[in-house]
Amino acid sequence: MTYVITQTCCSDATCVAVCPVNCIHPTPEERAFGSTEMLHVDPKACIDCGACADACPVDAILPADSLPKAQRHHLALNAAYFADQPSEPAPPGPNFHPWGRPDFARSIPSDFAPIRVAVVGTGPAGMYAAEDLLLHTNAEVTLVDRLPVAGGLVRYGVAPDHPATKKVGETFARFHDHPRVRMHLGVEVGRDVTAEELAAHHDAVVYAVGASTDRRLGVPGEDLPGSVPATTFVAWYNAHPEVAPDAVTLTGPHVVVVGNGNVALDVARILVSDPAALTASDIAGHALAALSAARVREVVLLGRRGPEDAAYTTSELLALRHLPGVDLVLDDHDPRVGEAIDAAAPGDRAALLAGLPRETVDWSADPDPARRRIVLRFHSAPVELVGEPPAGASGEPNGHADAPGRGRLPLRAVRVTGGRGPQDLPAGLLLRAIGYRGAPVPGLPFDEATGTVPHEVGRVTGRPGTYVVGWIKRGPSGGIGANRTCAAETIGSLLADAVDGALAAPSAAHTAKAFQRLARSRSRHLVDARGLAAIERAERSLGRDAGRPRVKLGTVAELVAAARGGRWKR
């Protein structure tokens, strides 16, 4: 019986390294690695040893005979990847498969002196970089994060109904109390310490600060109440301490999401999921209460292009088709949609939508209160957000900049392009999920066009000893596992510079303890590894009391109080 890689695959290739028969592809050495949505197990070559399942950090690999119904389509997805590829000939001798020549990508002298490296950001990119340094060198690592808790996008970006994906955080957590790690959470570069001060206390600094802002639509009415970035919505339901419980208001049964990538699918799925099912997750309590009270019945996903160009991954779209109690339908407003699906070859992006109901949606009718649905509307984009009319006003409401009271009137509808001309889609909430964007880091160069820090192979332009990794390096592309390869490249550059003597060592006065004193004097919210462990215990204790895996502390004050062993106000 073969093993199967499923929806939560993070593509960090941990499984590839342990497979004794080379049946997981693409490998990091193959050209397709990084461009495929997930890794795949060759069912003809798998020997059912289970080594890959044991190594997988996100529990994405399961025996084929134990796949739940909603995951069985992954059997065909894994097999299809190898359908047109010739099998490797069995090698002579006792080896399971031909082995390549040994490759030692790094050559570190045996007398290599320990270096002190600061890693700014404790999300996947930062922790893969820290892991690389701790496992392969004798470096001392200082972990710095502006929030008083570690995790980054694993904690605040992964949807709460994807607990297996969040398990990668357990892999990173084993390094939080590593003997060569010093942790300074609640310290922001540019606010509490400068980039120059951080560099002065370390041989090198690696910035893994991600892409924290969103892209705007640039249409009239975009700033109406009820128009919210998907980044804010995701942070809201994940209890991010910088997003207030009242940052999102759910009014009415209709929501429009602009975009059709995985983030768009995430927010749509959360909006229409049965709130009772979400109680078993770590979703923020205020979000669970709001979703339970609102009972959103319809979410429309707008895609500017056709189904052949949709940005979601195959596994996420197929999972949406199996969401209990939720209908997934296509808005048949444009003949190009059906034509693209009907003409799609097996394996094409548009072919994923074959068999879905196609409806000419009547947007003037209320959705069935007994059902919930997600509507995919392609070849459609917002051109204006329309607000409610002022009290006592008559005529057509609008969202134009010169409308009286425009900034105070709540959203009523989203005017979109369509096959029969512009249409108004009712909406009490619009979420723009059209991409993340990096923000400038004080003290570092910044490319406004790409939203990244200029670099060469991870080395920050004009800043010797300073490096970048993750989305601030390459832009907001790639999932969790892509950061492992990205970090390996950056840390390779850093170590090459260290071996060449290109790093400036900190002075005798700029010791690790001196930086600790500096951080404590500047930040009122500093949390160390012991405090982080206390936060973990507090959240799990609250979860046990509520019958949930954990209840996240949702403010800086609560997190800091828990870290210091005190009481906090709920």
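### A short note on the sheet that holds strand β12 (residues 298–302)
Reading across the sheet, the 7 strands line up as β10-β19-β11-β12-β15-β13-β14 and stay open at both edges, with parallel pairing between neighbours. Looking at which strands have only one partner, the edges of the open sheet turn out to be β10 (227–229) and β14 (358–359). Here 5 bridges tie strand β11 (residues 254–258) to β12, and the two strands are oriented parallel to one another. Each bridged residue has a counterpart across the sheet, and for His254 the counterpart in β12 is Glu298.

### What to know about the nonpolar core
Nonpolar side chains in soluble globular proteins generally cluster together in the buried interior. Ile24 and Leu494 are the most contacted members of the largest nonpolar core, which has 68 residues in total. Those residues in contact with Ile24 that sit more than four places away from it in its chain are Ile5, Cys15, Val16, Cys19, Leu39, His40, Val41 and Cys52.

### Description of the pattern of salt bridges
On inspection of all chains with the given rule, the structure shows 34 salt bridges. The closest approach of N and O atoms between Asp161 and Arg269, which form a salt bridge, is 2.6 Å. Of this pair, Asp161 sits in the loop between α5 (153–156) and α6 (163–166) while Arg269 sits in helix α10 (residues 262–272); the two residues are 108 residues apart in sequence, bridging distant segments of the chain. With a relative accessible area of 24%, Asp161 lands in the partly exposed category. The residue Asp424 makes a salt bridge to Arg412 at a minimum N-O spacing of 4.0 Å. Of this pair, Asp424 sits in strand β18 (residues 423–426) while Arg412 sits in strand β17 (residues 411–416), and the two are 12 residues apart along the sequence. For Arg412, a relative accessible area of 28% corresponds to the partly exposed category.

### Let's talk about the environment of Pro160
Assignment of secondary structure puts Pro160 in the loop between α5 and α6. In this structure, the C-alpha to C-alpha distance between Pro160 and Ala449, residues 289 residues apart in sequence, is 32 Å. Among all residues touching Pro160, those that are not within four sequence positions of it are Lys166, Tyr237, Asn238, Ile270, Ser281, Asp282 and Ile283.

Definitions and limits used
Residues numbered from 1 in each chain as written. Predicted model: local features only at pLDDT ≥ 70, side-chain atom pairs only at ≥ 80, totals over all residues. Heavy atoms only, no water. Pairing = 2+ DSSP bridges. Helix = DSSP H or I, 4+ residues; strand = E, 2+ residues; numbered from the N terminus. Core = buried A, V, L, I, M, F, W, Y, C linked by side-chain atoms within 4.5 Å. Buried < 20%, exposed > 50% of the residue type's maximum accessible area, 1.4 Å probe, protein only. Contact = heavy atoms within 4.5 Å. Salt bridge = Lys/Arg side-chain N within 4 Å of Asp/Glu carboxyl O.

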